[in-house]
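Breakdown of the fold
The residues making up each chain are set out below.
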Amino acid sequence: MGTYRIAVLPGDGIGKEVTKGAVEILQAVATRFEHEFEFVYGLIGGDAIDRKGTPLPDETLDMCRQSDAVLLGAVGGPKWDQNPPHLRPEKGLLAIRKEMNLFANLRPVKFYDSLIDSSPLKEDVIKDVDLLIVRELTGGLYFGKPSGRRMEDGEEIVVDTLLYKREEIKRIITTAFELARKRKKKVTSVDKANVLESSRMWREIAEEVARDFPDVELEHMLVDNAAMQLIRNPKQFDVLVTENMFGDILSDEASMLTGSLGMLPSASLSTSGPSLYEPIHGSAPDIAGQNKANPIATILSSAMMLRLSFGLHLEAVAIEKAVQQVLASGYRTADVAKKGQRIVSTKEMVDEIKATI
Ligand code: ATP
Ligand code: MG
């Protein structure tokens, strides 16, 4: 029996509904396995702008730092779209990643047999897909300096800088190997080494790290090829690891393989402090407040939290099994329902998963 403190940041739109569902599931796990989960709540995103005048209030950040893990819903919505840049909800998300040193973004993509009709791929291609994208989240093009526009010899020029420290690359690749060791023992390191110096160093470091993991296979793949292979034959992958922007693009691509935004969880690991868990989808303003959202992405994110932050493997499996079972018995929220299937609400889906646990 363990005691854990979880910071919950519901955020905006369906973020509130799906985090509520995930908290109920975590409570069910606590009861069944005799743990104590303490939930503390903080503001982030549009809600925080409205009430505190900033997308990431200091008290939220302090609360997160003093917790064992963070569960985030989603931020944003049309209400704040016209705000100046520093008062946009998304700023809160970037800020919390940077402030909490969330350097590794993990997105598992797992195919559920019962959702075969939702995938854009043919059954033989998508069946048994179970891969994990590990994206570097705090370096690269998004943060490199210099960045900006200026005039040079009478011409307007623009610069972005892809900058990494050796240690930052080593850290993310090591994380990928550690994760692969607990999976199918294969790492695909994705780069553009035929063109970019940063990628050549990336490849070199991948080779170095691989020497410490003789039981894990390493392959290198150019990013353009990886984008193609994800569609052509996604089953070949176990763990893909890549830099920030390549990872941004590939993880969105991969997330659509199973055809269901509402199903996919993510984890963002910190170098030192607590990690953050959130669904990959956004705040879905079009369905917010209607009890329609699919809570599974957030529920699976909470399972990742149990496994990765608390080491509660059996408990994580209990959640994942329950989700699988409930889907197999035909329960569908609107986003994954096909013609003729009965559609359940967010609340009904949560209740069913809870009962199964
Ligand atoms: P962001 O910019 O925050 O990523 P977005 O505009 O890209 O947001 P989402 O908010 O994720 O996208 O919504 C995209 C579409 O998917 C919307 O039509 C939304 O209703 C639907 N959607 C997203 N998440 C869910 C969910 N959990 N359940 C059901 N539908 C969802
Ligand atoms: Mg989006």
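Residues numbered from 1 in each chain as written. Chains lettered and ligands numbered in written order. Predicted model: local features only at pLDDT ≥ 70, side-chain atom pairs only at ≥ 80, totals over all residues.

In the nomenclature of an unreviewed UniProt entry, the protein is known as 3-isopropylmalate dehydrogenase of Anoxybacteroides tepidamans. Its UniProt record gives the protein a comment under Pathway (unreviewed entry), which states: "Amino-acid biosynthesis; L-leucine biosynthesis; L-leucine from 3-methyl-2-oxobutanoate: step 3/4." For the protein, the Subunit (unreviewed entry) comment in UniProt is given as "Homodimer." (UniProt positions renumbered as here; feature names shortened; annotations may be inferred.)

A word on the overall build of the protein. Along its length, the protein carries 12 helices and 12 strands. Taking 21 Å as the expected radius of gyration for a compact globule of 357 residues, we find that the protein reaches 20 Å, a close match to that expectation. C-alpha atoms of the protein, sized along the principal axes, occupy 65 × 50 × 45 Å. The buried share among the 357 residues of the protein stands at 46%. (Helix = DSSP H or I, 4+ residues; strand = E, 2+ residues; numbered from the N terminus. Rg over C-alpha atoms; globule rule 2.2 N^0.38 Å. Buried ≥ 20, exposed ≤ 12 C-beta atoms within 10 Å, placed from the backbone.)

Every one of the 16 residues lining ligand 1 counts as a neighbour, but Gly-262, His-281, Gly-282, Ala-284 and Asn-294 are closest to it. Grouping the amino acids of the shell around ligand 1 by side-chain chemistry returns eight nonpolar, six polar and two charged. (Near = placed C-beta within 6 Å. Nonpolar A, V, L, I, M, F, W, Y, C, P; charged D, E, K, R; others polar.)

To continue, consider helix α10 (residues 296–308). Helix length check: α10 (13 residues) gives 18 Å between terminal C-alpha atoms against 18 Å at 1.5 Å per residue, within 8%. Counting buried positions along α10 yields 11 of 13 residues, so the element is predominantly enclosed. Looking at the buried side of α10, the elements it contacts are α1 (14–33), β3 (69–74), β11 (265–270), β12 (275–279), α11 (313–328) and α12 (346–356). (Expected span 1.5 Å × (residues − 1). Contact = placed C-beta atoms within 7 Å.)

Glancing now at the UniProt feature "domain: Isopropylmalate dehydrogenase-like" (unreviewed entry) in the protein. Within this structure's numbering, the places UniProt gives as "domain: Isopropylmalate dehydrogenase-like" (unreviewed entry) are residues 5–353. Structurally, residues 5–353 comprises 40% helix and 22% strand, and the distance from its first C-alpha atom to its last is 23 Å.

Looking down a regular strand, the side chains alternate between one sheet face and the other. For strand β7 (residues 155–161), a buried count of zero out of seven residues is recorded, marking the element as mostly open to its surroundings. Connecting strand β6 (residues 144–152) to the antiparallel partner β7 that follows it, the hairpin turn spans two residues, and Asp-153 within it adopts a positive phi of roughly 50°. (Pairing = 2+ DSSP bridges.)

The domain architecture assigned to the protein consists of domain 1 (1–105 + 264–357) and domain 2 (120–257). Relative placement of domain 1 and domain 2: their C-alpha centres are 25 Å apart. Between domain 1 and domain 2, the contact holds 11 residues from the first and 10 residues from the second. Of all the secondary structure elements, the ones that give two or more residues to the side of domain 1 that touches domain 2 are α4 (89–99), β4 (102–110) and β11. Here the element with the most residues in the side of domain 1 that touches domain 2 is β4; it accounts for four residues. For the side of domain 1 that touches domain 2, the class distribution of residues is six nonpolar, three polar and two charged. (Domains from an automatic or database assignment.)

Within the largest apolar cluster, 101 residues are counted, with the highest numbers of intra-cluster contacts made by Val-134, Ala-176, Leu-240 and Ile-319. A per-element tally of this core places α10 first, with eight residues. For Val-134, the contacting residues outside a window of four places in its chain are Ala-104, Leu-106, Ile-172, Thr-175, Ala-176, Leu-179, Val-239, Leu-240 and Val-241. (Core = buried A, V, L, I, M, F, W, Y, C linked by C-beta atoms within 7 Å.)

Let us now look at unusual backbone geometry. Omega for the bond connecting Lys-145 with Pro-146 falls within 30 degrees of zero, at 5°, which places this linkage in the cis form. Here the phi dihedral of Lys-185 falls at roughly 65°; this positive angle occurs in a residue that is not glycine. Within the secondary structure layout, Lys-185 lies in the loop between α6 (166–181) and β8 (186–191). Judged by the 14 C-beta atoms lying within 10 Å of it, Lys-185 falls in the partly exposed class. In this structure, Ala-284 is a non-glycine residue whose phi angle is positive, near 40°.

Before going further, it helps to spend a moment on the pairing of strand β2 (residues 36–41). Here strand β1 (residues 3–11) runs beside β2; their pairing, made up of six bridges, is parallel. Bridging from a neighbouring strand, Thr-3 pairs with Glu-36 of β2. Of the crossover connections in this fold, the one passing from β1 over α1 to the parallel β2 is right-handed. (Right-handed = clockwise from strand over helix to strand, strands pointing away.)

UniProt records the feature "site: Important for catalysis" (unreviewed entry) for Tyr-142 and Lys-192 in the present numbering. Position of Tyr-142 among the secondary structure elements: in the loop between β5 (130–136) and β6. Judged by C-beta crowding, with 17 C-beta atoms within 10 Å, Tyr-142 ranks as partly exposed. Here Tyr-142 is in contact with Asn-244 and Met-245, once residues within four sequence places are set aside.

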